[in-house]
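Commentary on secondary and tertiary structure
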Amino acid sequence: VQLQASGGGLVQAGGSLRLSCAASGRTFSNYNMGWFRQAPGKGREFVAAISGISGGTLYANSVKGRFTISRDNGKNTVYLQMNSLKAEDTAVYYCAAGRVLTKSDEYDYWGQGTEVTVSS
């Protein structure tokens, strides 16, 4: 599976961004999809994940109520709608695909990352 993330950019605190991750190469609906992020000087952390078929979701406590993960299996794309952005959301965001829906980084395929900068 090849993953291409996009949609990052510079936004003011309180603003919104929508990230997209386009997948190709395998049957998209067979895979659970996750978003992770890595802030400067920090390790990679889980943000959100969505099941391939049921659409069930997982969220990190830090983004619950502000971020929404969704997917369009017809377009082979997963989205991360980010609202009420905070300076601490600044990071490179990565999408990932895997057979297990999990908050750990045990995903099989990773995209290249898209950078989000939130100015305070």
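The structure under discussion appears in the preceding block.
Residues numbered from 1 in each chain as written. Predicted model: local features only at pLDDT ≥ 70, side-chain atom pairs only at ≥ 80, totals over all residues. Heavy atoms only, no water.

A closer look at the pairing of strand E3 (residues 17-24)
- In this structure, strand E1 (residues 2-6) lies alongside E3, joined through 5 bridges in antiparallel fashion. When the bridges of E3 are listed, Leu 3 appears paired with Ala 23.
- Across 6 bridges, the pairing between E3 and strand E8 (residues 77-82) is antiparallel. Residue Arg 18 lies in a different strand from E8, and its bridge partner there is Gln 81. (Pairing = 2+ DSSP bridges. Helix = DSSP H or I, 4+ residues; strand = E, 2+ residues; numbered from the N terminus.)

Regarding the environment of Thr 77
- Summarising the element assignment, Thr 77 is placed in strand E8.
- Spatially, the C-alpha atom of Thr 77 lies 8.2 Å from that of Phe 28, the residues being 49 residues apart in sequence.
- Apart from the residues within four sequence positions on either side, Thr 77 is in contact with Ser 20, Cys 21, Ala 22, Phe 28, Ser 70, Arg 71 and Asp 72.
- In this structure the side chain of Thr 77 is engaged in a polar contact, spanning 2.8 Å, whose partner is the backbone oxygen of Lys 75. (Contact = heavy atoms within 4.5 Å. Polar contact = N/O pair within 3.5 Å; in protein donor to acceptor, adjacent residues only side chain to side chain.)

What to know about the sheet that holds E8
- Spatial strand order, E1-E3-E8-E7: 4 strands in an open sheet with antiparallel pairing. Unpaired on one side and paired on the other, E1 and strand E7 (67-72) mark the two borders of the sheet. Averaged over all pairs of adjacent strands, the angle between strand axes in this sheet comes to 15°, irrespective of strand direction. (Axes fitted to C-alpha atoms, helices over the stretch in contact; angles between N-to-C directions.)

A few points about the pattern of salt bridges
- One pass over the structure, following the stated rule, counts 4 salt bridges.
- Taking the shortest distance from any N to any O, the salt bridge between Glu 45 and Arg 37 comes out at 2.6 Å.
- The exposure class assigned to Glu 45 is partly exposed, which follows from its relative accessible area of 34%.
- The salt bridge partner of Asp 89 is Arg 66, with a shortest N-O separation of 2.8 Å. One end of the pair, Asp 89, is in the loop between E8 and strand E9 (91-98); the other, Arg 66, is in the loop between strand E6 (57-59) and E7, and 23 residues separate them in sequence.
- We classify Asp 89 as buried; its relative accessible area is 1%. (Salt bridge = Lys/Arg side-chain N within 4 Å of Asp/Glu carboxyl O. Buried < 20%, exposed > 50% of the residue type's maximum accessible area, 1.4 Å probe, protein only.)

Here's the deal with the side chain of Thr 114
- Looking at where Thr 114 falls in the secondary structure, it is placed in strand E11 (residues 114-119).
- Polar side-chain contacts of Thr 114 include one of 3.0 Å to the backbone nitrogen of Gly 8.
- If we skip the residues at most four places from it in the chain, Thr 114 touches Ala 5, Ser 6, Gly 7, Gly 8, Leu 19, Ala 91, Val 92 and Tyr 93.

Some remarks on the nonpolar core
- Counting residues in hydrophobic clusters, the biggest one holds 36 residues, and the most contacted among them are Met 33, Trp 35, Leu 80, Met 82 and Tyr 93.
- For this core, the secondary structure elements donating two or more residues are E1, E3, strand E4 (32-38), strand E5 (44-50), E7, E8, E9 and E11.
- Look past the residues within four positions of Leu 80 in its chain and what remains in contact with it is Leu 17, Arg 18, Leu 19, Trp 35, Val 47, Ala 48, Phe 67, Thr 68, Ile 69 and Tyr 93. (Core = buried A, V, L, I, M, F, W, Y, C linked by side-chain atoms within 4.5 Å.)

Describing the side chain of Asn 32
- With respect to the element layout, Asn 32 can be found in strand E4.
- Within the structure, the side chain of Asn 32 is placed 3.0 Å from the backbone oxygen of Arg 99, a separation counted as a polar contact.
- Leaving out residues up to four positions away in the same chain, Asn 32 has contacts with Ile 50, Ser 51, Gly 52, Arg 71, Ala 96, Ala 97, Gly 98, Arg 99, Val 100, Leu 101 and Tyr 107.

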